[in-house]
Amino acid sequence: MKLVTAIIKPFKLDDVRENLQQLHIDGMTVSEVKGYGRQKGHTEIYRGAEYVVSFLPKLRIEIVVKDEQVQPAIEAIRAATNTGQIGDGKIFVSPIERAWRIRTGETDNDAL
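Here the residue numbering is sequential within each chain, running from 1 through the sequence in written order. At least 70 in pLDDT is required for a residue's local features to be given in this predicted model, at least 80 for side-chain atom pairs to be given and counted, and no such filter applies to totals for whole chains, interfaces and linings, which use all residues. Side-chain metrics rest on all non-hydrogen atoms present in the structure, leaving aside hydrogens and water.

Chemist: What is the right way to look at the overall build of the protein in this model?
Modeler: Runs of E in the DSSP output that reach at least two residues are strands. Runs of H or I that reach at least four are helices, and both are numbered from the N terminus. Within the protein one finds two helices and six strands. Counting from the amino terminus, helix and strand elements in the protein follow one another as β-α-β-β-β-β-α-β. The C-alpha radius of gyration computed for the protein amounts to 17 Å, which surpasses the reference 13 Å derived for 112 residues by more than 25%, pointing to a less compact arrangement than a globule. With respect to the principal axes defined by its C-alpha atoms, the protein has extents near 60 × 25 × 20 Å. Relative to its full complement of 112 residues, the protein shows a buried share of 27%. The atom set for the radius of gyration is the C-alpha atoms, and the globule formula is 2.2 Å times the number of residues raised to the power 0.38. Classification of residues uses two cut-offs on accessible area relative to the type maximum, computed with a 1.4 Å probe and protein chains only: under 20% is buried, over 50% is exposed, and between them is partly exposed.

Chemist: How should I be thinking about the pairing of strand β1 (residues 2-8) in this particular structure?
Modeler: Counting buried positions over the seven residues of β1 gives five, a clear majority of the element. Paired strands, in this sense, are two strands between which DSSP finds at least two bridges. Here seven bridges tie β1 to strand β5 (residues 56-65), and the two strands are oriented antiparallel to one another. In the sheet register, Ile8 faces β5, and the bridge partner there is Leu59.

Chemist: Would you explain the nonpolar core in this entry?
Modeler: Generally speaking, nonpolar side chains in soluble globular proteins are found buried as a group. To qualify as a nonpolar core, a set must consist of buried Ala, Val, Leu, Ile, Met, Phe, Trp, Tyr and Cys residues joined through side-chain atoms within 4.5 Å. By size, the foremost hydrophobic cluster in this structure holds 16 residues, and its most contacted members are Val16, Leu20 and Ile63. Counting residues per element, the ones that place at least two in this core are β1, α1 (13-22), β5 and α2 (70-81). For this core, the element with the most residues is α2, which contributes six residues. Contact criterion: two residues are considered in contact whenever any of their non-hydrogen atoms come within 4.5 Å of each other. Contact partners of Leu20, with chain neighbours within four places excluded, come to Ile25, Met28, Ile63, Ala73, Ala76 and Ile77.

Chemist: How should the environment of His24 be read in this particular structure?
Modeler: With respect to the secondary-structure elements, His24 resides in the loop between α1 and β2 (29-35). With 45 residues separating them along the chain, His24 and Gln69 place their C-alpha atoms 9.7 Å apart.

Chemist: What exactly am I supposed to notice about α2 here?
Modeler: Because an α-helix completes one turn every 3.6 residues, residues spaced three or four positions apart along the sequence face the same direction. The terminal C-alpha atoms of α2, which comprises twelve residues, lie 17 Å apart, in line with the 16 Å expected from a rise of 1.5 Å per residue. Those residues of α2 that are buried lie in contact with β1, α1, β5 and β6 (89-95). For a helix, the expected span equals 1.5 Å multiplied by the number of residues minus one.

This is the structure in structure tokens:
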């Protein structure tokens, strides 16, 4: 099992969810986060004054998938979020040792 974490632009969430549902990956956790990478933020003008916005709004999506679903999940996320512009986001993959479904006691792949 692997934890796939993606940092994406907020308006891409529905596209990612639809692509993952087509792969029968139904569960995900979504958090609103702020950050920056190579974009280094941007400047905005508010009431005539210029402000530097260092941290940009992003969404952090976390899904736990079976090992054989990792590459299709990554491709689904990339297909939904790739605009070719700086700030499209990042995807990270981490190992998961164990998983439990609290309600039934199922473990590991059965808990997904």
